[in-house]
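Chain by chain, the residues run as shown.
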Amino acid sequence: MDKAQDSKSWSIRDIIPENHPRKESLLIREKLIEAMEKSILVPQGLIAHGRGECFDYLIGEKTQDFAEKAIEAAAATLLLAKTPVISINGNMAALVPEGLVRLAEETNAKLEVNLFYRDERREKAIAELLYKANAKEVLGVGEDASTVIPELFSQRRRVSPKGIYIADVILLGLEDGDRTEALVKMGKKVIAIDINPLSRTSRSATITIVDNIIRAVPRLVEKVKELKSKNKEELEQIVLNYDNKNVLAESLKFIANRLTQLSLSL
Ligand code: PTJ
């Protein structure tokens with residue numbers, strides 16, 4: 001049998017050389033494939049990731065200033081929130097489970113599974129992964145997702161009455177825009193991590209972190225720890241000074257300038 005066809009006869013370490021220039025990125029792909037084999041990720045999540053990789057090239061594979069501004073506003077918003085919730089889908093769980101659990105601990109946020117391609121096996125697999133990463137409680141699994149977000153027709157409408165339904169601030173990532181729009185209509189503040197500044201999620205969120213979730217989540221945890229020493233008024237001032245439209249515009253200008261510079265360097 002061809003080596004590449006027999007997944008048991010070779011290890012990925014033999015395929016990806018230590019000094020491969022894109023080693024980290026290739027290993028992340030392997031992590032996603034493993035997550036798919038464990039029912040955490042759907043195959044469609046691999047396509048979504050590929051789109052994200054492309055945008056990461058465009059922003060230079062670094063957390064840029066526009067993302068730092070959004071991360072600061074997101075950290076302040078989470079610290080000011082009364083009932084914050086971190087909404088988790090397959091891609092988020094596959095890429096940053098420990099970081100999300102740590103963020104929930106630091107901000108007293110609840111963790112809730114919310115899937116576009118919802119099925120109970122996936123809900124349970126994601127919850128199990130989060131419990132392994134030390135989560136105390138995971139909402140949105142099975143019967144717990146018993147409340148409905150109005151005007152939303154995908155499976156994402158099913159939420160926990162103890163979580164997203166009553167949340168004042170929701171952090172989410174890597175998703176299509178329907179739910180973000182519906183949550184904002186319900187009067188909730190939505191913090192979205194989406195590397196594509198043109199997506200509907202990015203454009204309708206209250207705060208959009210245009211960055212790779214792999215970098216954004218640990219940076220957000222650091223920022224929350226740093227801002228904990230600030231008082232309520234100081235945190236409110238950070239939120240007041242933040243302008244999401246400006247930040248999205250900055251990210252697009254950054255991409256345009258970078259492409260111009262790259263075209264001149266050929
Ligand atoms: O787990 P489920 O069932 O909820 O399904 C999850 C997917 C991702 C399949 C579903 O939400 C989906 O189809 O999402 P979209 O519409 O492809 O949107 C994903 C968004 O995330 C796109 O704007 C991508 O550019 C962006 N994205 C992809 N990878 C990353 C990312 N943003 C931040 N970090 C990434 N690593």
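Presented here is an overview of the structure given in this document. (Residues numbered from 1 in each chain as written. Predicted model: local features only at pLDDT ≥ 70, side-chain atom pairs only at ≥ 80, totals over all residues. Heavy atoms only, no water.)

## Remarks on the site of the ligand
The cut-off we apply is this: For this description, a residue counts as near a given molecule or strand if any of its non-hydrogen atoms is within 4 Å of it. Under this definition, polar contacts are N or O atom pairs within 3.5 Å; protein pairs additionally need one hydrogen-donor-capable and one acceptor-capable atom, and for neighbouring residues in sequence, both atoms have to be side-chain atoms. Shrake-Rupley sampling with a 1.4 Å probe provides the accessible areas, and residues are treated as covered by the protein chains on show and by no other component. To qualify as a helix, a DSSP run of H or I must reach at least 4 residues; to qualify as a strand, a run of E must reach at least 2; elements of each kind are numbered from the N terminus. Classification convention: Asp, Glu, Lys, Arg as charged; Ala, Val, Leu, Ile, Met, Phe, Trp, Tyr, Cys, Pro as nonpolar; all other residues, Gly among them, as polar.
As a structural note, the neighbourhood of the ligand is formed by 24 residues, with R51, G90, F116, R122 and R156 the closest of them. Backbone polar atom of L174 to an oxygen atom of the ligand: 3.2 Å apart, as the coordinates give it. One of the backbone N or O atoms of I195 is found 3.1 Å from a nitrogen atom in the ligand. Notes on the ligand: free accessible area 750 Å², of which the protein chains cover 94%. Contributions of two or more residues to the shell around the ligand are made by α3 (43-58) and α5 (90-95). Here the shell around the ligand gets 6 residues from one element, more than from any other, and that element is α3. Tallied by class, residues from the shell around the ligand come to 7 nonpolar, 10 polar and 7 charged.

## Quick word on the environment of A182
What counts is decided by this rule: The buried label applies to any residue whose accessible area, calculated with a 1.4 Å probe on protein chains only, is under 20% of its type's maximum; exposed applies above 50%, and partly exposed to all values in between. In what follows, residue pairs with any heavy atoms lying within 4.5 Å of each other are defined as contacts.
Tracing the sequence through the fold places A182 in helix α8 (residues 178-185). Of the residues examined, A182 reaches a relative accessible area of 8% and is grouped as buried. In this structure, the C-alpha to C-alpha distance between A182 and Y57, residues 125 residues apart in sequence, is 31 Å. Among all residues touching A182, those that are not within four sequence positions of it are I149, P150 and L152.

## Examining the packing of aromatic side chains
The relative placement of two aromatic rings is captured by the distance of their centres and the angle of their planes. Applicable threshold: Aromatic pairing here means that ring centres of Phe, Tyr or Trp (its six-membered ring) are within 6.5 Å. Orientation follows from the plane angle: under 30 degrees is stacked, over 60 is edge-to-face, and everything else is tilted.
A full pass over the atoms with the stated rule returns 2 aromatic pairs. Ring centres 5.6 Å apart and planes at 65° place the aromatic pair F66 and F254 in the edge-to-face group. Note that F66 is positioned in helix α4 (residues 65-80) and F254 in helix α12 (residues 244-264), a separation of 188 residues in sequence. For F254, a relative accessible area of 26% corresponds to the partly exposed category. The interplanar angle of 80° and the centroid separation of 4.9 Å between the aromatic rings of F116 and Y117 together place this pair among those described as edge-to-face. Relative accessible area serves as the criterion here: at 33%, F116 is assigned to the partly exposed category. Y117 sits in the partly exposed class, given a relative accessible area of 36%.

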